Amino acid sequence: MALMLRNRAALLLLMFNIFLVFTGIGLVVPIMPTYMNTLHIGGSVVGLLTATFSVSQLICSPIGGRISDRLGRKRVIIIGMAIFAVSEFLFGLANAPWLLFVSRILGGIGAALIMPAVMAYTADITTDEERAKGMGFINAAITTGFIIGPGIGGFLAEFGIRVPFFAAGIAALISGVVTLLVLPESLSVERRAEIAAANVGKRDSLFKQLITSYRTPYFLSLIIVFVSAFGLANYETVFGLFVDHKFGFTARDIAIIITFGSIAGAVVQATIFGWLLNRFGEQRVISICLAAAAIFVLMTLFVHEYWLIVTVTFIVFLSIDILRPAIGTQISRRAGEQQGFAAGLNSAYSSLGNIAGPIVAGSLFDVNINYPYVSAAIVLFLCFLLVLGVGRSDQKRAEKLTGTQSVEHS
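Residues numbered from 1 in each chain as written. Predicted model: local features only at pLDDT ≥ 70, side-chain atom pairs only at ≥ 80, totals over all residues. Heavy atoms only, no water.

**Section: the overall build of the protein chain**
Summing up its helical and strand segments, the protein chain has 14 helices and zero strands in all. Counted from the first residue to the last, the protein chain has its helices and strands arranged as α-α-α-α-α-α-α-α-α-α-α-α-α-α. Burial status across the protein chain gives 48% buried among its 410 residues. Long-range contacts, defined here as pairs at least 24 residues apart, represent 86% of the contacts in the protein chain between residues at least 6 apart. (Helix = DSSP H or I, 4+ residues; strand = E, 2+ residues; numbered from the N terminus. Buried < 20%, exposed > 50% of the residue type's maximum accessible area, 1.4 Å probe, protein only. Contact = heavy atoms within 4.5 Å.)

Okay, here's the thing in structure tokens:
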């Protein structure tokens, strides 16, 4: 009983840590238009800042996982929280673009240390039966951080444009100290030695995993992950800049719209998402979400009244929030016994899209503020056509397999 209570308390602290990280990531969304004006930077720099975080996290995540196996989960989480706090303080203090880039690099490193260690800690303290539930709690904390991060950022920005980042840095430091004093280590020294011995000669590089991913039965789904992430990142990266430049929206306005759309998506995920997939299948849900996202991203260019902007944006974010877990579910069902490997590739392809999308969006924004949305709509529509092609291919494969089995039984 005591062990169960201790594990629950540890899980709550882990959830708080990961929640802080993703809240800190979301803080920047409604505030970037003001930062652009303050530091005299263009959309291309904003896109590069977003991509820099993703690149840093992508490169360092495998390293963070291995370090947590060697040093223990607790130490890595504390180090990650400290680095994340420094990145938030630096972003708040920045008076030159290069400091923003240093801040985003440190933020990516911090996230890359914290996330694998938190996931591994959760696996350490849960049984096979409890693991899915534990991981669900961690993912709920991530989603909640994403949802309310922009809202908190927009609210705190009323007291000063740099206040949200100082608040996030202070919260991360406090959480790191509480983790140091309260959280027990989940991985014994003996277990660390066993893991190190078992992993000798089994460390494929991320590059090698990506190169060989074409052999997997879900490779086309991975391509869809990349293309959809690229198109969606085009939209999300410049959303705050677009409505600020075109409609004069404040940080508070931007925060309200993003938070409203994200909460709706979370409610759908928590209530009818499973029913949607069971009723219509992943392929149809993904197709509909991509088509809706493409159409309403394009519609953003033609609406002007506030309630229409809110409605169109709401539908785009709702489509995104349903699309992402639907693609993940599809890959998981095709992965068979390679669930961990497939999840890693899903994350890697998504990160690559999140790197390329903001760079392209930022560059196009500097040419014409409408171009990123035209680009996003085209890419999402092409991804919609790709999904239809994959669906037909899967159907032919299934029909061929069924025909083969019928011959064998006759």
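**A closer look at the packing of aromatic side chains**
Applying the stated rule across the entire model yields five aromatic pairs. Stacked on the ring of phenylalanine 280, the Lys or Arg arginine 279 has its end atom at 5.1 Å from the ring centre. (Phe/Tyr/Trp six-rings, centres within 6.5 Å; stacked < 30°, edge-to-face > 60°. Lys NZ or Arg CZ within 6 Å of the ring centre and 35° of its normal.)

**Section: the side chain of serine 175**
Here serine 175 lies in helix 6 (residues 163-182). Serine 175 has contacts with Phe16, Asn17, Leu20 and Met81, leaving out every residue within four places of it along the chain.

**Remarks on helix 6**
Taking 1.5 Å per residue, 20 residues should reach 28 Å; helix 6 reaches 28 Å between its end C-alpha atoms and fits that length. Those residues of helix 6 that fall on the buried side of the exposure criterion are Pro164, Phe165, Ala168, Gly169, Ala172, Ser175, Gly176 and Thr179. The buried residues of helix 6 occupy one face: seen down the axis, they fall within an arc of 135 degrees. Structural note: helix 6 exposes Ile174, Leu181 and Val182 on the side pointing more than 90 degrees away from its buried face. (Expected span 1.5 Å × (residues − 1). Arc of directions from axis to C-beta.)

**Topic: the confidence of the model for the protein chain**
The predicted coordinates ought not to be read in detail in places where the model reports low pLDDT. Averaged over the protein chain, the pLDDT score is 78; the fraction of residues at 70 or greater is 81%. Ranking the helices and strands of the protein chain by mean pLDDT puts helix 3 (residues 73-93) first, with 90, and helix 7 (residues 189-198) last, with 62. Confidence drops under a pLDDT of 50 for residues 404-410, and excluding neighbours within four residues, the segment shows zero contacts in the predicted structure. (pLDDT = per-residue confidence, 0-100.)

**Digging into the packing of helix 3 against helix 6**
For the pair helix 3 and helix 6, the least separation of the axes is 8 Å and the interaxial angle reads 165 degrees. One finds that helix 3 runs roughly antiparallel with respect to helix 6. Crossing of helix 3 over helix 6 shows left-handed handedness. When helix 3 is examined against helix 6, the residues Lys74, Ile77, Ile78, Met81, Phe84, Ala85, Glu88, Phe89, Phe91, Gly92 and Leu93 are found in contact with a partner set consisting of Phe165, Phe166, Ala168, Gly169, Ile170, Ala172, Leu173, Ser175, Gly176, Thr179 and Leu180. Per-class residue counts for the contact of helix 3 with helix 6 are 15 nonpolar, five polar and two charged. (Axes fitted to C-alpha atoms, helices over the stretch in contact; angles between N-to-C directions. Parallel < 35°, antiparallel > 145°, perpendicular 65-115°, else oblique. Left-handed = near helix turned anticlockwise from the far one by under 90°. Nonpolar A, V, L, I, M, F, W, Y, C, P; charged D, E, K, R; others polar.)

**Let's talk about a nonpolar patch on the surface**
Nonpolar side chains collect at one region of the surface, where Ile170, Ile174, Val177, Val178, Leu180, Leu181 and Val182 lie side by side and expose about 660 Å² of accessible area between them. With respect to the secondary-structure elements, leucine 181 resides in helix 6. (Patch = residues over 30% accessible without salt bridge, like charges linked within 9 Å, V, L, I, M, F, W, Y side chains within 5 Å. Areas by Shrake-Rupley, 256 points an atom, 1.4 Å probe, with all protein chains shown as cover. Salt bridge = Lys/Arg side-chain N within 4 Å of Asp/Glu carboxyl O.)

**Here's the deal with unusual backbone geometry**
The backbone of histidine 40 sits at a positive phi, close to 55 degrees, despite the residue not being glycine. Considering the arrangement of structural elements, one finds histidine 40 in the loop between helix 1 (2-39) and helix 2 (43-71). Judged by its relative accessible area of 72%, histidine 40 is exposed.

**Details of the environment of isoleucine 320**
In this structure, isoleucine 320 sits in helix 12 (residues 306-335). C-alpha separation for the pair isoleucine 320 and cysteine 289, spaced 31 residues apart in sequence, amounts to 7.1 Å. With sequence-adjacent residues up to four places away left out, isoleucine 320 is seen in contact with Leu232 and Glu236.

**Re the packing of helix 3 against helix 4 (residues 97-125)**
Closest axis-to-axis distance for the helix 3/helix 4 pair is 7 Å, and the angle between their directions is 155 degrees. Taken together, the axes of helix 3 and helix 4 lie roughly antiparallel to each other. Pair helix 3 / helix 4 crosses with left-handed handedness. By residue class, the composition of the contact of helix 3 with helix 4 is 20 nonpolar, five polar and four charged.

**Details of the side chain of serine 319**
Relative to the helices and strands, serine 319 resides in helix 12. Residues contacting serine 319, with those up to four places away along its chain left out, are Cys289, Ala292 and Ala293.

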